[in-house]
Structure formats: structure tokens, C-alpha cells
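Structure assessment
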Amino acid sequence: MVEGGIPTKDNGAYGKVGGRTMLQMVKDIVPKAIATICIGTCSCYGGVQAAKPNPTGAKSVSEALGGITTVNIPGCPPNPINFVGAVVHFLTKGVPPLDQFGRPLIFYGKTVHDQCPRLPHFDAGEFAPSFGSAEAKKGWCLYNLGCKGPNTYNNCPKVLFNQVTFPIQAGHPCIGCSEPNFWDTMTPFYEAG
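Residues numbered from 1 in each chain as written. Predicted model: local features only at pLDDT ≥ 70, side-chain atom pairs only at ≥ 80, totals over all residues. Heavy atoms only, no water.

Turning our attention to helix 4 (residues 80-93). Here helix 4 contains 14 residues, and its C-alpha end-to-end distance of 19 Å stays within 8% of the 20 Å for a straight helix at 1.5 Å per residue. Within helix 4 the residues assigned to the buried category are Asn-82, Ala-86 and His-89. Taken end-on, helix 4 shows its buried residues confined to a sector of 65 degrees, consistent with a single buried face. For helix 4, the exposed residues lying more than 90 degrees away from the buried face are Leu-91 and Thr-92. At the N-terminal end of helix 4, a side-chain oxygen is found 2.9 Å from the backbone nitrogen of Ile-81, two or three residues along, and the residue is Asn-79. Taken from the residues just after helix 4, Gly-94 is the one with a positive phi, measuring 95 degrees. (Helix = DSSP H or I, 4+ residues; strand = E, 2+ residues; numbered from the N terminus. Expected span 1.5 Å × (residues − 1). Buried < 20%, exposed > 50% of the residue type's maximum accessible area, 1.4 Å probe, protein only. Arc of directions from axis to C-beta. Polar contact = N/O pair within 3.5 Å; in protein donor to acceptor, adjacent residues only side chain to side chain.)

Set out below in C-alpha cells:
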């Protein structure tokens, strides 16, 4: 299991634990593992520290190690159900089928949009004009306020966080945190209604 983006600039000097660089630790440990599960968008894709201009040369575990295959459980934060499910799948059936970004299809096979409880409002053309508006409180779609759900693959609407809620249910648009480079490719996170 690896958590955290891997600083690679200056031989990894910008990320140390106990005097050893994170880069050296993954180079020493990951090749000996029968599988590597990256938990969180940082270890999966480099994380927010890899955002332009990326001063530490932060990379994903796979990229830092020359393209090795990793099972990626992205999210900021990732849902623990996806993590535990991937571990159980690995222990009982082997590596789960992965998408092009190394995510298990059983958890990241559908868009947030396609599973969203606000989808009927999207289909009806009912979009909240602002946060806190009467329409937003009625559950109207947050797409015009910057929601990235149509371009984000994750099961947030189905498994929820702590089995209670997820950002859209709480009135906040999806920011696409389980997508590679979301911090550069999906901004701005908010848009005027």
C-alpha cells in the first residue's frame, strides 16, 4: 500500500521519512510486492503537489517507477469501501479488472453523473442558479455551478462517505478528485450560475 505522491526532483529530497526519501522507499519495496495498491489521488496520479508548476517533481508511484502497474484507489479522500473492496478482491480473486487509469472497474466503472441523485433534474433541464438557492435546496442539478460529475468516474453517489453523504448530496459540486490531474484539467472548480 502506498499513500502520497512521490517527489522525484533532486533525487527525491523533498519527501523524507526517517531520513530516507519516499522515492528510495518505493524503489526498494514496490518491486518486491506481489501487487501495489495506491490509495488516494496523490499516490495514484501525483496529487495536488504535482499541479503546475510541480516544483518537487511529484509523480504517481507508477510514473516514479517507470510505468509499473498499480491498482489505483483515487479520491481526495478515497472512499474506504473502495480500498477494502480492492484488497478483498485481490485476496480472493486476484487483481480486479482495471480501467485505463488503473482504477478497479467495480468501483470506478461509471461516472458520478450517471449515478447522481440529481440526475433527473439534469435530464429535465433544471439547474441550480446559485449555491444556497431554493432550487439547490430542492436538489436541482449543480452542473452550471461547476460540477465535474459527468467527467468523473467514481461510485461516490452509491457508497457515500461514512455511509452518510457525498459532496453533491451535501450541496457541493463534484470537483473530479478521482481523475488524473484534476487540479490542472478540471479548474475552475466553481462557476457562476
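Now that the structure has been shown, we can carry on.
Within the largest apolar cluster, 20 residues are counted, with the highest numbers of intra-cluster contacts made by Val-2, Ile-6, Val-26, Val-30, Val-61 and Trp-183. The element best represented in this core is helix 1 (residues 22-29), accounting for four residues. Contacts of Val-30, omitting those with residues within four sequence positions, involve Val-2, Thr-36, Val-61, Leu-65 and Ile-68. Residues Val-112, Cys-116, Cys-156 and Ile-168 belong to the second largest nonpolar core, which totals 12 residues. (Core = buried A, V, L, I, M, F, W, Y, C linked by side-chain atoms within 4.5 Å. Contact = heavy atoms within 4.5 Å.)

Looking at where Asp-99 falls in the secondary structure, it is placed in the loop between helix 4 and helix 5 (105-108). A distance of 2.7 Å separates the side chain of Asp-99 from the side chain of Arg-103, its partner in a polar contact. Residues within four places of Asp-99 in sequence aside, it is in contact with Leu-105 and Tyr-108.

Attention now goes to the pattern of salt bridges. Going through the model one piece at a time under the given rule, you end up with three salt bridges. Here Arg-103 and Asp-99 are joined by a salt bridge, their closest N and O atoms 2.7 Å apart. With a closest N to O distance of 2.7 Å, Glu-179 and Arg-103 form a salt bridge. Of this pair, Glu-179 sits in the loop between helix 9 (156-159) and helix 10 (182-185) while Arg-103 sits in the loop between helix 4 and helix 5; the two residues are 76 residues apart in sequence, bridging distant segments of the chain. (Salt bridge = Lys/Arg side-chain N within 4 Å of Asp/Glu carboxyl O.)

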